[in-house]
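# A structural walkthrough
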Amino acid sequence: MQLSEQEQRRREEKNELERLGFNPYPSESFEVNVTAKDITDNYEKQKTDYKNISIAGRLMSRRIMGSASFAELQDESGKIQIYLRRDDLCPGEDKTLYNTVFKKLLDIGDIIGIKGFVFTTQTGEISIHVKELSVLTKSLRPLPVVKETTDKDGNVVAHDAFTDPELRYRQRYVDLIVNPHVKETFKKRTALVNSMRSFLNEKGYLEVETPILQPIYGGAAAKPFKTHHNKLDMTLYLRIANELYLKRLIVGGFDGVYEFSKDFRNEGMSRFHNPEFTQVELYVAYKDYQWMMNLVEEMIEKVAIDLHGSTEVRVGAHVINFQRPWQRFTMFEAIEHFTGIDISGMSEGEIRETAQKLSVPVDHTMGKGKLIDEIFGEKCEPHLVQPTFITDYPVEMSPLAKKHRSVEGLAERFEAICNGKEICNSFSELNDPIDQRERFQAQLELGKRGDEEAMVLDEDFLRAIEYGMPPTAGLGVGIDRLAMIMTNSNSIQDVLFFPQMKPETKPADPSAIFTKAGIREELIPILIKLGVTGLDDLKNMKINKLFNDVCGMKKKMKLKDIKNPTLEEVQSWVEQ
């Protein structure tokens, strides 16, 4: 493992702490009785409560001024200034804790615990006067701490901000440290789930758990992840939905069940799709999809108010209003509204021709339902910014929904679309076992044509509903997409702590690169020590500075037998 100069130095500091008798990773608990936010919000109101406080967090900045210093401590709630005086920390003759540990062996990012009292500085800043300091964790990697400077016009300019999306998603732990505002997104996500859970509990519905590993995947049109159970010697699938198991519980006699579930679909990734995602599914006996539309409006309106104190939520350039009632279109009405074409009476071939005229990408594997879905997705969805119900889908698109009670060829289904994307899906659930078997068999035919998302036939589910499933309304709400809207996030990765990422590319071995470029072998460890990782780094460096840095590092590494490079030699590295 190649270590940068800072990483090597921090390891040396860790060793020095241990040599001095300070455990950089102590086992003992450190009692915390206050947070930074509690202090900044309440100190002026009740100063006497903050005479004996104990707090822990990361060092985020330091200003050392001889025998006294200021620093910034960051805990989960925020940042607060701390003040340290050598003689307060070290009242006896031994000043090691301040002079050596704090000033020389601690770094930005280290975790410390402090005890003391709160006061206000002469400039009016609420601060903690430190009486005791404990080293709780030595950080071995430097944080990408933002540095701020002021330009000639008086504008604050940020440097080294941790803003690269791939790095932020891949190293979320760093993102949360140096971009504390990111925590607010995830706090709102948790508040969203809690709001929905309390709403459903108050309605009297039972929260349940169903299998993630399933012998037959079902409940949605999606491609599954496949695994193998060694002991049983059988193929299992990560669930793409939990619908069929929840319906089994309705058959068993529960009138209302729901589950917040992790589901998995082996499909592409985008700013709206992650192969692992969260949804809540709800099934209520003796209800239909019209009733469920009203419940969705009520629940999402409550979520908006709980999170924002209002039904209005800003999302990008739009203000989305979740106040009831929402706009409603049938699917055919929406397509005609946005394209001017009525496809309601068309055959599969005519719909395929229409899709091609509208420049909607289609292929030979798509049946009638899939073709209609593609037209709707391309030509309608992007225009639906305010929450809108799309109802009455073609039967071919809805193999688990009841046929429409009055319109031939349609199913009792709705989706809620908001900000151009689906956020929920609902049916009057199909409970006719004969009809359901025929629908499954139609899906099998689509699978034979090459549709990898077609459903498979689940004999046990059919057996269950043959015992009789009452009329039922079902609902699935995508938590990740709803969280994107409620937190004004542009990508699904912004509302997932750890989104799926491509494998991390390991950097090439710089030694081989430098050798091929003609750099003397004995000088290569010096370049690596300086953090030079490749020829591009060299090309961006100033020749004189690089020359001085190499000579200085050689001396620091005590490589007396190695000859310094000439200025011309260094110039050839940079200019090649």
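Scope of this entry: the structure provided in the associated data block. If you're wondering where the values come from, they're calculated on a predicted model, not measured in any experiment. (Residues numbered from 1 in each chain as written. Predicted model: local features only at pLDDT ≥ 70, side-chain atom pairs only at ≥ 80, totals over all residues. Heavy atoms only, no water.)

## Remarks on the overall build of the chain
Secondary structure summary: the chain contains 20 helices and 20 strands in total. Radius of gyration (C-alpha) of the chain: 31 Å, far over the 25 Å computed for a compact globule of 576 residues. Each principal axis of the C-alpha distribution contributes one length, and for the chain these read about 90 × 70 × 60 Å. Buried residues in the chain amount to 46% of all 576 residues. Long-range contacts, defined here as pairs at least 24 residues apart, represent 62% of the contacts in the chain between residues at least 6 apart. Carbon and sulfur atoms provide 49% of the accessible area of the chain, an area that totals close to 29400 Å². (Helix = DSSP H or I, 4+ residues; strand = E, 2+ residues; numbered from the N terminus. Rg over C-alpha atoms; globule rule 2.2 N^0.38 Å. Buried < 20%, exposed > 50% of the residue type's maximum accessible area, 1.4 Å probe, protein only. Contact = heavy atoms within 4.5 Å. Areas by Shrake-Rupley, 256 points an atom, 1.4 Å probe, with all protein chains shown as cover.)

## Some thoughts on the sheet that holds strand β3 (residues 78-85)
Within a sheet, neighbouring strands are paired by backbone hydrogen bonds and run either parallel or antiparallel to one another. Strand order in the closed barrel formed by 5 strands is β1-β2-β3-β5-β4, with mixed pairing between adjacent strands. Averaged over all neighbouring strand pairs, the angle between strand axes comes to 50°, with direction disregarded. Pairing of strand β4 (residues 111-120) with strand β5 (residues 126-137) involves 10 bridges; the strand directions are antiparallel. By the bridge assignment, F119 is partnered in β5 with S127. (Pairing = 2+ DSSP bridges. Axes fitted to C-alpha atoms, helices over the stretch in contact; angles between N-to-C directions.)

## Points about unusual backbone geometry
In this model, R324 is joined to P325 through a cis peptide bond whose omega is -5°. Along the chain, the position of P325 falls in the loop between β15 (318-321) and β16 (327-330). One non-glycine residue, S359, lies in the positive phi region at around 60°. Along the polypeptide, S359 turns up in the loop between α11 (348-357) and α12 (368-379). Accessibility expressed as a relative area gives 60% for S359, which makes it exposed. For N488, which is not glycine, the phi torsion reads 55° and is therefore positive. Looking at the element boundaries, N488 is found in the loop between α15 (479-486) and α16 (510-516). Accessibility expressed as a relative area gives 38% for N488, which makes it partly exposed.

## Overview of the sheet that holds strand β11 (residues 234-238)
Strand order in this open sheet of 3 strands is β9-β11-β10, and the pairing throughout is antiparallel. Either end of the sheet is taken by a strand with one partner, and the two such strands are β9 (213-214) and β10 (225-229). The pairing of β10 with β11 spans 5 bridges and is antiparallel. For K226, the partnering residue across the bridge sits in β11 and is Y237.

## What about α11?
Among all positions in α11, only I351, R352, T354 and A355 are buried. The buried residues of α11 occupy an angular sector of 160° when projected down its axis, which confines them to one face. In this structure, the buried side of α11 is in contact with α12. (Arc of directions from axis to C-beta.)

## Some points on the packing of helix α19 (residues 543-556) against helix α20 (residues 567-575)
Where α19 contacts α20, the axes come no closer than 9 Å and their chain directions differ by 120°. One finds that α19 runs oblique with respect to α20. For the crossing formed where α19 meets α20, the hand is right-handed. Along its contact with α19, which presents I543, N544, L546, F547 and V550, the element α20 presents L567, V570, Q571, W573, V574 and E575. Tallied by class, the residues present in the contact of α19 with α20 amount to 8 nonpolar, 2 polar and 1 charged. (Parallel < 35°, antiparallel > 145°, perpendicular 65-115°, else oblique. Left-handed = near helix turned anticlockwise from the far one by under 90°. Nonpolar A, V, L, I, M, F, W, Y, C, P; charged D, E, K, R; others polar.)

## Digging into the pattern of salt bridges
For the coordinates displayed, the defined rule picks out 46 salt bridges. Between E16 and R19 there is a salt bridge, with its nearest N and O atoms 2.6 Å apart. Placement of the pair is E16 and R19 together in helix α1 (residues 5-19), with a separation of 3 residues, close to one helical turn. By relative accessible area, E16 is classed as partly exposed at 24%. For D175, the salt bridge identified is with R172, shortest N-O distance 2.8 Å. On the criterion of helical spacing, the pair formed by D175 and R172 is a turn pair, its members being 3 residues apart in helix α6 (residues 172-178). (Salt bridge = Lys/Arg side-chain N within 4 Å of Asp/Glu carboxyl O.)

## Regarding the side chain of D435
Turning to its location among the elements, D435 is positioned in helix α13 (residues 433-448). Under the relative-accessibility criterion, D435 is labelled buried at 10%. Filtering out sequence-adjacent residues up to four positions away, D435 remains in contact with K403 and L430.

## A look at the environment of Y289
Mapped onto the elements of the fold, Y289 is located in helix α9 (residues 289-308). For Y289 and E412, which are 123 residues apart along the polypeptide, the C-alpha to C-alpha distance reads 6.5 Å.

## Considerations on the packing of α13 against helix α14 (residues 459-466)
It is the contact of α13 with α14, at a shortest axis distance of 9 Å, that shows an interaxial angle of 165°. One finds that α13 runs roughly antiparallel with respect to α14. By crossing handedness, the relation of α13 to α14 is classed as right-handed. Residues P433, Q436, R437 and F440 of α13 pack against E459, F461, L462, I465 and E466 of α14. Its residues assigned to classes, the contact of α13 with α14 comprises 5 nonpolar, 1 polar and 3 charged.

## Description of the packing of aromatic side chains
Under the counting rule described, the total for this entry stands at 14 aromatic pairs. When the ring of Y43 is compared with that of Y50, the centres are 6.1 Å apart and the planes differ by 70°; the resulting orientation is edge-to-face. Here the two residues Y43 and Y50 agree in accessibility, since each one is buried. The ring centre of F102 lies 5.4 Å from the NZ or CZ of R62, which sits over that ring. Over the face of the ring belonging to F272 we find K421, whose NZ or CZ atom lies 4.7 Å from the ring centre. (Phe/Tyr/Trp six-rings, centres within 6.5 Å; stacked < 30°, edge-to-face > 60°. Lys NZ or Arg CZ within 6 Å of the ring centre and 35° of its normal.)

## Structural notes on a nonpolar patch on the surface
On the surface, a nonpolar cluster with roughly 370 Å² of combined accessible area is contributed by Y173, F497 and F498. Here F498 lies in the loop between α15 and α16. (Patch = residues over 30% accessible without salt bridge, like charges linked within 9 Å, V, L, I, M, F, W, Y side chains within 5 Å.)

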